[in-house]
Each structure stands twice: as C-alpha cells, then as structure tokens.
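Residue-level structure breakdown
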Amino acid sequence: MMRLLRSHRLFPVLLIGLTAMLTLWLDQVSRWDTRHRELDPDKPEYVAEDLIATRYDEHGKMLDKLIASRMWQYPGKPEAFFEKPDLYQYDAGVLQYHVIGETGRYNNKNQQAFFDKKVTLIKPADSQQPETRLLSSAMFVDTAKRYASSQAPSVIYHGNSVAHSIGFTYLEPQGLLNLLSTTKIVYVK
C-alpha cells in the first residue's frame, strides 16, 4: 500500500517535469528561423517551367498575362528572368497589345519588363485602325504606365505601311507612337 502512495505522489512531479521540457523544446523549435539559410547568389533560388502568370483588376477582369517557357529568379533580386516570354496587356478585359520576345526580365515591384532579344509588340486591329507591329532587338515595357520604348533599330508595320527608325516610344493609352530618329516611311492606304 505504501508503494502505491509513493507512485501517486511522484506522478504529478514527473508530469510537471515533462511539460517543462516539452515547453522548452517547443520554444526552441518555434524560434528556429529557416529563412536565414545562405543561398548562392549566382544560382537561381527557384526555376519554373511552362509558366502562366495572370493578374486581374479589382473588378475581376484580366489586367495582364505572362506566358514563358522558363522562368528563374536569383536570391534577393526583384527581377525574374524569362525564356520565350509572351506578355499580354488588357484594359477592362480587352487585349490592348502583347509583346513576344526570345528572352527578358520582369521586375514585379515596379511592373517593368525588359526584352533583350528579338522582340515584337503587337497592337491588334480594331474597328478604326489595322494591326500595328513594332519589331526591335530590345524593348522596355512599363505595364503600370502602359508605355513601351526602344533605342535600337526598329521596324514598324501599320497595316500595309512600313517605317524604319532608330528607337521609338509608345504610349498605349493615347495611342501615340513617337519615332526617335529620321525615319523612312512607306505609307500605303
């Protein structure tokens, strides 16, 4: 009978001791920060294949869409790099233009893209004007301001008309295309 009384008194002490050890262990585990692992800045933090990224406006209509065969991002860098990027820009769910390139990068913080190899901007035809294509070796696109520009030699096709220029700026909301050099234009009605 004495044995039973001793184990009965010992159980609460053991329970308090185990609970204290469990509390200390859980405190250490919860403070353990896995984000502070050292990453190689020369190797991508992550890579995605066959990427489709879509953003919507506050009304649920498509705002922009980015399709790429491959995307990667380096640790601590805001820019994501792409192979075969295809960027679609919409206004109230209606396609305004899209940009196709061989390679490029996109900064999600400032919503700016730079296409650095063989790039084409296409403004689809509408009821008032034919399709417009801007071809260049490099192009900057600000998706927030709906602005595109290039300092490289460019060819512009507007319907059957053709223009050759060294650089351009394009303000999509105003539909304004500004050619930055003396330009050769073949205008066809």
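Just above sits the structure.
Attention here is on the structure that accompanies the text.

Rules and cut-offs
- Residues numbered from 1 in each chain as written.
- Predicted model: local features only at pLDDT ≥ 70, side-chain atom pairs only at ≥ 80, totals over all residues.
- Heavy atoms only, no water.
- Helix = DSSP H or I, 4+ residues; strand = E, 2+ residues; numbered from the N terminus.
- Rg over C-alpha atoms; globule rule 2.2 N^0.38 Å.
- Buried < 20%, exposed > 50% of the residue type's maximum accessible area, 1.4 Å probe, protein only.
- Contact = heavy atoms within 4.5 Å.
- Areas by Shrake-Rupley, 256 points an atom, 1.4 Å probe, with all protein chains shown as cover.
- Lys, Arg positive; Asp, Glu negative; His and termini not counted.
- Charge placed at Lys NZ, Arg CZ, Asp CG, Glu CD.
- Pairing = 2+ DSSP bridges.
- Phe/Tyr/Trp six-rings, centres within 6.5 Å; stacked < 30°, edge-to-face > 60°.
- Core = buried A, V, L, I, M, F, W, Y, C linked by side-chain atoms within 4.5 Å.
- Patch = residues over 30% accessible without salt bridge, like charges linked within 9 Å, V, L, I, M, F, W, Y side chains within 5 Å.
- Salt bridge = Lys/Arg side-chain N within 4 Å of Asp/Glu carboxyl O.

**With respect to the overall build of the protein**
Secondary structure assignment for the protein yields one helix and 14 strands. Whereas a compact globule of 189 residues would reach a radius of gyration of roughly 16 Å, the protein reaches 29 Å, over 25% beyond that. Each principal axis of the C-alpha distribution contributes one length, and for the protein these read about 110 × 40 × 25 Å. Expressed as a percentage of its 189 residues, the buried residues of the protein come to 30%. Here the contacts in the protein between residues at least 6 apart in sequence split such that 35% fall between residues at least 24 apart. By element, 58% of the accessible surface of the protein is carried by carbon and sulfur atoms, the whole surface being about 13200 Å². Computed over 23 positive and 21 negative side-chain charges, the separation of the two mean positions in the protein equals 6 Å.

**Details of the pairing of strand 7 (residues 112–117)**
As a general feature of sheets, a regular strand has side chains that alternate between the two faces. Strand direction decides the pairing type here: strand 6 (residues 103–107) and strand 7, joined by five bridges, are antiparallel. From the neighbouring strand, N107 faces strand 7, where its bridge partner is Q112. Where strand 7 meets strand 10 (residues 139–142), four bridges bridge the pair, whose relative direction is antiparallel. Within strand 10, the position partnered with F114 by the bridge is F140.

**A short note on the packing of aromatic side chains**
With the rule as written, the count across this model stands at four aromatic pairs. Ring geometry for W72 and F81: centres 6.1 Å apart, planes at 15 degrees, overall stacked. Judged by its relative accessible area of 14%, W72 is buried. Using a relative accessible area of 24% as the deciding quantity, one classes F81 as partly exposed. Three or more aromatic residues link up through ring pairs in this structure, and these residues are W72, Y74 and F81.

**Structural notes on the nonpolar core**
A general trend in soluble globular proteins is that nonpolar side chains are found buried together. Judged by nonpolar contacts, the single largest core of 23 residues is most densely connected at F82, V99, F115, L121, M139 and V141. Leave out the neighbours within four places in its chain, and L121 touches Y97, H98, V99, T132, R133, L134, M139, A148 and Y170.

**Topic: the pairing of strand 13 (residues 176–179)**
Examined bridge by bridge, strand 12 (residues 161–171) and strand 13 share four bridges and lie antiparallel to one another. When the sheet's bridge partners are listed, F168 is paired in strand 13 with L179. Linking strand 12 back to strand 13 in an antiparallel pair, the connection comprises four residues, with G175 at a positive phi of about 70 degrees.

**Let's talk about a nonpolar patch on the surface**
Where nonpolar side chains cluster on the molecular surface, the patch consists of L22, W25, L26 and V29 and spans about 400 Å² of accessible area. In this fold, W25 is placed in helix 1 (residues 2–31). By relative accessible area, which is 52% here, W25 ends up exposed.

**Focus: the pattern of salt bridges**
In the structure shown here, the tally under the stated rule is six salt bridges. Here E83 and R70 are joined by a salt bridge, their closest N and O atoms 3.8 Å apart. Here E83 is found in strand 3 (residues 79–83), whereas its partner R70 is found in strand 2 (residues 62–73), with 13 residues between them in sequence. When its relative accessible area of 31% is taken as the criterion, E83 is described as partly exposed. In this structure, a network of salt bridges that share partners links the residues E49, R70 and E83.

These figures come from the coordinates and say nothing about function on their own.
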